[in-house]
Structures are given as C-alpha cells and as structure tokens.
Amino acid sequence: MSTVLKVEDINVYYGAIHAIKNVSFEVNQGEVVTLIGANGAGKSTILKTVSGLLSSRTGSIEFMGEKLGSIPAHKIVTKGLALVPEGRQVFLQMTVEENLEMGAFTRPKAEIAASIADVYERFPRLKERRRQIAGTLSGGEQQMLAMGRALMSKPNLLMLDEPSMGLAPILVEQIFDIVQELNRHGTTILLVEQNAQMALSVAHRGYVLETGKIVTTGSGEELLEDEAVKKAYLGG
Amino acid sequence: MSLLSNLVNGISLGSVYAIIALGYTMVYGIAKMLNFAHGDVIMVGAYICFFATQNFGLHPILGALLAMVVCTVLGITIERLAYKPLRQAPSLAVLITAIGMSYFLQNSALLLWKSDPKVFPTFFAFQDKATGEMKTGITLFDGGLTITYVAMFTVLMCVVIMVGLTLFTGKTKMGKAMRACSEDKAAAQLMGIDVNFTISMTFAIGSALAAIAGVLLCSSYQTLMPTTGSLPGIKAFTAAVFGGIGSIPGAFLGGILLGVIEIFAKAFNTQISDAVVFAVLIVVLLVKPTGLLGKTVREKV
C-alpha cells in the first residue's frame, strides 16, 4: 500500500493561538481515513493546512511523495488534491454548471464536458438544476454540488470537511453512501466529521483529535469499540 | 428644446460617470475595497493622452491607447505596492491607504505637470465637405439641438464597455474566475484560481477604463489639471453606490442617472447641482440601502 498523504509533526498557529500541536498522520492509497473530534479540536485547520490555505510553522506535508512546503493553494489542486470545504462554500451567485466549471479551472477545456457529464451521472439532481443559481439549492443539493465541484479536478485524494453538517439524517446517509462509492471507484478519502458514528462506520482507519493533538488512532471498528471514544464522541 | 439638449448632455456626462463607475464597481466586487485613487488614475490617463498628442504629435487614437497602457501598468503597480500588503488588514487601513494614494497621485501630477490648467484639444471635429468649416457635432431642429460628436462617441463607448464587461464576466474563464473570487476567495483558491493574479487583472481592467474615461471627459470639458479626476471620481463612486455597488448594470444605470440629474439640476441652479446629486443618493440609500440594482445575498447555513 503506497502512502498518498504523509503529514509529519505540523504545528499551526492562529496568531498567538497554538491550534495544531505536533500532529502526524498518513493516508494510504485506496483508504477512507477519518479525523474525528469535538468542535474546535482542529480538524478543519488540519485540512486547510494540507490544502495550502493555512501554513504550518514546522514539520512537513508530503503528497504523492512530493513535499508541499510553501506551494500556494491554487497550485496544490493541480497535484490531485481537492478539498470540499466546511459549510460547502459553493459559489451561491453562479449557476450549478458554472460551479462545476470552476472546479475544473486547472484542467484543459476539452476534458471538461466529459467530467461534467460524469458528475451529472453521479448526482442526477444537479443535472436537473444545472441552470439554477447555486443559492437556490437546498443544503443537501449544495453539498452534492460542493462534492461534484471538487471531483471536477479529478483528485487522487478527496478531503471532505464535515459533509454531514446541517443535513437531515436521510441526506447524511446518502452523502456517506456516495463517499463509499467514490472510494470503491478508487478515490482515496480523508474525512473530517463531528458525526463520529457515521464517519467511523465508513472509515478504514481513524484518528481522534483533542485540542490540537492526536490522542488515539486505530481502525474504524477498533475506535467504535474503544471505551474512551464511545464515552466522548458516540454518546455512550 | 432645452429639455432635450439637457437630456443629451446628461446622458453624455452620465456615460463618463458610468465608465468610471464600472471600474470602481469591478474593483470593489473582487478586491472588496474602495479604490479612492481611481479618480486620479483618470487624470493621469488624460495627461498621458494630452502630452502624447500635443508634444509628440501622436494620433488621438494612439494617444488614448498609450494612456490605457500607462494606466493599466499604474493600476497594477498601485495594487501591488499599496494594497496587496494590506490584504489581511482591517478595511479601514485599506481605505486610508487608498485616500493617501489619491493625494499621492494628485501631488505627483502637480510636481510633474504644474498646476496651470491645460487646454485639452478637440479630437472630435470633422471638416464639413460642403462648407469647409470644422464641425464638432450635428445640429437638429434648425439649431434647436446640437449633439456633439464627442457626446455621441462617449455614449457609444459606454454601451460597448458595459456590454463587453457583461459578456466578459458571464462567458469567459477569466471573467468567471473573477466572479468566483468576488464571492469567496478561499473557495476560489481551492478551485485552482490564482486570486492575486485575478485581483491584478481587475485593477488592470479598471485602470484601462479610467484612461478611456479621462480622455472622453477632457474631450468634452477641455480643462485638464491635477485635480481633474477628483470630483468625477467621487461622483462615479456615488453612481456605483446609487446603482448597487458590485453590479455592472447597476454602475451603468447609476452613472447615466447621476449625469442626467446633475445636468438638470445645473440648468435649474448651477450652485446647488452637486447638492442635489448627493441628496438623491441619500434618498435612494434610505429607501434601498443596496442601491437600485444591488443584490441582497441570502446565505444558507
């Protein structure tokens, strides 16, 4: 199994606040890996750092064997790493199709139409609403659009930040089904969730984050059975 | 007949405001800042065109093109040196810097080109084949209404620019990237859009438009001095807010309306025309705070 993402000893600060403390983890080809933890534990900060929106003071982030170092966010996408950001952040005033086009910003024009067709096949709802302004979509549809938009860059590693946030339980299941299906088709996934139960049930491995530090790691099943994890995150 | 000629003059002046306002609104929409130095870029453009045609004998079209090139470079440079380092700073710091940049440009112009007004040449005069005299416009209704060539050209340019910008932001990859940046810079970066480059491009377009506005404004009013861009700049900003800042058709509509209101107010009483203009702005903002065509953005969480 080859390593897709290797994060070693990163420390991230917001001004004087030490948000991420000596965090190391890795994601292997074909895996679904999840980072779970309470609100404010630093999960989103880690994803933002990996995608280049924030920078780490120490340590290294290696993607497909290449150190990302100080490569700016807009160049990191071209290497095959995409982030579906927290709160979806679709372009509300642009149409569904324009959002997808933006997802393929770095790719040659000739390949875009085929990718849009792929996304529509996976998310038929988006096809129905292709000419609609994204701001008129429901929360679940916006999440699908955000995922579709990230897939437009043909990522090797898809990072999802709280895809279940604010969605009805039936939609949450649908989103997680899609995540598993994408994984079956070869996309490696790094998933950040507050919904630990859901996340651990689809993940091969997980890391538990507490106030900026990784405190436990193990396979999805192990963590689901772990007493401390159960108590803190699974409501029992 | 004076009603009609006031309307024509108003639309012509309004077209200049609209061209300036389009630059204001583009920069505001994408960089989320009010570039108060925009009006002074107009003045620089007019001076470049003036010297290119008067001192170096360039054709007016070449002079205007040269002014556009110089202003584009100037706009990009201003953004790089003065505004880019403040990308993360509070908006008040950026605002003060922009006002400072405005005075910097005015005073540099004062130093370089002195305070005495230059008489801007009449570019839009053509020889009448029948009589041999130079004509600056067409006369209708037995002399009741004169429409100058410069007025016609100004309105035409304004419409062309408005349509061009609408197509650019709606259809091209770069234009769509600009809209993406205007909504959400972090998300745009995640798409692979170089936000710094996109902001530079916005300043380049805005400044090139300012150069065109400068040449057209001075062709109509023919006085050029270091403070020439200042008041039209503020009025165009007003026009952009009036129409709904960030909106391209809004800037167009706001500019035209403001020009027409100003000319009619002037016809009524010269002293209070500017007061009327700003009073209208205040009333519009009281009734509709986002401006005439401004969008209220509803966000879903």
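Since the structure is predicted, the reported quantities are computational estimates derived from the model, not experimental observations. (Residues numbered from 1 in each chain as written. Chains lettered and ligands numbered in written order. Predicted model: local features only at pLDDT ≥ 70, side-chain atom pairs only at ≥ 80, totals over all residues.)

## Considering the overall build of chain B
Turning to step 1, where the next piece is worked out: Within chain B, the regular secondary structure consists of 11 helices and 6 strands.
Turning to step 2, where the next piece is worked out: A globule of 301 residues ought to have a C-alpha radius of gyration of about 19 Å, and chain B, at 20 Å, matches this closely.
Turning to step 3, where the next piece is worked out: Seen through its C-alpha atoms, chain B measures out along the principal axes to roughly 70 × 45 × 35 Å.
Turning to step 4, where the next piece is worked out: Going through the 301 residues of chain B one by one, you find that 48% of them count as buried.
Turning to step 5, where the next piece is worked out: A separation threshold of at least 6 residues defines the contact pool for chain B, and within that pool the share at least 24 residues apart is 74%. (Helix = DSSP H or I, 4+ residues; strand = E, 2+ residues; numbered from the N terminus. Rg over C-alpha atoms; globule rule 2.2 N^0.38 Å. Buried ≥ 20, exposed ≤ 12 C-beta atoms within 10 Å, placed from the backbone. Contact = placed C-beta atoms within 7 Å.)

## Structural notes on the overall build of chain A
Turning to step 1, where the next piece is worked out: For chain A, the count of helices and strands is 10 helices and 10 strands.
Turning to step 2, where the next piece is worked out: Taking the principal axes of the C-alpha coordinates as reference, chain A spans close to 45 × 40 × 35 Å.
Turning to step 3, where the next piece is worked out: Split into buried and exposed, the 236 residues of chain A put 45% on the buried side.
Turning to step 4, where the next piece is worked out: Long-range pairs, those at least 24 residues apart, make up 65% of the contacts in chain A with a sequence separation of at least 6.

## Let's talk about the nonpolar core
Residues and elements named next belong to chain B.
Turning to step 1, where the next piece is worked out: If you look at the biggest cluster of nonpolar residues, it comprises 162 residues, and the most contacted ones within it are Leu22 and Ala46.
Turning to step 2, where the next piece is worked out: A total of 16 residues in this core trace back to one element, the largest contributor, which is helix H1 (residues 2-31).
Turning to step 3, where the next piece is worked out: Not counting residues within four places of it along the chain, the set of residues in contact with Ala46 comprises Phe120, Gly214, Val215, Leu217, Cys218, Leu224 and Thr228. (Core = buried A, V, L, I, M, F, W, Y, C linked by C-beta atoms within 7 Å.)

## Notes on the sheet that holds strand S6 (residues 81-84) of chain A
Residue and element names in this part refer to chain A.
Turning to step 1, where the next piece is worked out: Pairing is mixed across the open sheet formed by 6 strands, whose spatial order is S6-S7-S8-S3-S9-S10. Sheet topology places S6 and strand S10 (213-219) at the edges, where each strand pairs with a single neighbour. Here the strands of the sheet are splayed against their neighbours by 15 degrees on average, with no regard to which way each runs.
Turning to step 2, where the next piece is worked out: Direction of pairing for S6 relative to strand S7 (residues 157-161): parallel, over a ladder of 4 bridges. Directly across from Val84, in S7, lies its bridge partner Leu160.
Turning to step 3, where the next piece is worked out: The strands that helix H1 (residues 43-50) touches are strand S3 (32-37), S6, S7, strand S8 (188-193) and strand S9 (205-210); relative to S7, the one it contacts most, it runs at about 145 degrees.
Turning to step 4, where the next piece is worked out: Seen against the sheet, helix H7 (residues 169-184) touches S3, S7 and S8 and runs at an angle of roughly 155 degrees to S8. (Pairing = 2+ DSSP bridges. Axes fitted to C-alpha atoms, helices over the stretch in contact; angles between N-to-C directions.)

## Some words on H1(B)
All names here are of chain B.
Turning to step 1, where the next piece is worked out: Spanning 30 residues, H1 covers 42 Å between terminal C-alpha atoms, matching the ideal 44 Å at 1.5 Å per step.
Turning to step 2, where the next piece is worked out: Among the 30 residues that make up H1, 24 are buried, leaving the element largely enclosed by the rest of the structure.
Turning to step 3, where the next piece is worked out: After H1 finishes, the residue Lys32 shows a positive phi value of roughly 55 degrees. (Expected span 1.5 Å × (residues − 1).)

## Remarks on the confidence of the model for chain B
Turning to step 1, where the next piece is worked out: Chain-level pLDDT for chain B is 89 on average; 97% of the residues reach the 70-or-more range.
Turning to step 2, where the next piece is worked out: At the level of chain-chain contacts, confidence expressed as ipTM amounts to 0.91, with global pTM at 0.89. (pLDDT = per-residue confidence, 0-100.)

## Some words on the interface of chain A and chain B
Turning to step 1, where the next piece is worked out: On the chain B side, the residues contacting the 25 residues of chain A number 19 residues.
Turning to step 2, where the next piece is worked out: Every element with two or more residues in the side of chain A that touches chain B is listed here: helix H2 (73-76), helix H3 (96-103) and helix H6 (139-151) of chain A.
Turning to step 3, where the next piece is worked out: Among the elements that make up the side of chain A that touches chain B, the one with the highest residue count is H3(A) (4 residues).
Turning to step 4, where the next piece is worked out: When grouped by side-chain class, the residues that make up the side of chain A that touches chain B number 10 nonpolar, 13 polar and 2 charged. (Nonpolar A, V, L, I, M, F, W, Y, C, P; charged D, E, K, R; others polar.)

## Points about the sheet that holds strand S2 (residues 17-28) of chain A
Residues and elements named next belong to chain A.
Turning to step 1, where the next piece is worked out: Spatially, 4 strands are ordered S2-S1-S4-S5 in an open sheet, and the strand pairing comes out antiparallel. Each edge of the sheet is formed by a strand with only one pairing partner; in this case those strands are S2 and strand S5 (66-67).
Turning to step 2, where the next piece is worked out: Pairing of strand S4 (residues 58-63) with S5 involves 2 bridges; the strand directions are antiparallel. Paired with Phe63 across the bridge in S5 is Glu66.

## Quick word on the pairing of S9(A)
Residue and element names in this part refer to chain A.
Turning to step 1, where the next piece is worked out: Here 5 bridges tie S3 to S9, and the two strands are oriented parallel to one another. Within the sheet, the bridge partner assigned to Val33 lies in S9 and is Arg205.
Turning to step 2, where the next piece is worked out: Looking at chain direction, S9 and S10 are connected through 6 bridges and run antiparallel. Paired with Arg205 across the two strands is Ser219, which belongs to S10.
Turning to step 3, where the next piece is worked out: Remark: 2 residues form the turn of the hairpin made by S9 and S10, two consecutive strands paired antiparallel; Thr211 in that turn has positive phi of roughly 35 degrees.

## Here we look at helix H6 (residues 173-183) of chain B
Turning to step 1, where the next piece is worked out: Considered for burial, the residues of H6(B) that qualify are Lys176(B), Ala177(B), Met178(B), Ala180(B), Cys181(B), Ser182(B) and Glu183(B).
Turning to step 2, where the next piece is worked out: As for H6(B), its buried residues are in contact with H3 of chain A together with H1, helix H5 (149-171), helix H7 (185-190) and helix H8 (195-221) of chain B.

## Here we look at the packing of helix H3 (residues 60-83) of chain B against helix H4 (residues 91-113) of chain B
Residue and element names in this part refer to chain B.
Turning to step 1, where the next piece is worked out: Across the interface, H3 lies against H4 with an axial gap of 11 Å and an inter-helix angle of 130 degrees. The angle between H3 and H4 falls in the class oblique. For the pair H3 and H4, the crossing hand works out as right-handed. Between H3 and H4, the contacting residues are Ile78, Ala82 and Tyr83 on the first element and Val94, Thr97 and Met101 on the second. (Parallel < 35°, antiparallel > 145°, perpendicular 65-115°, else oblique. Left-handed = near helix turned anticlockwise from the far one by under 90°.)

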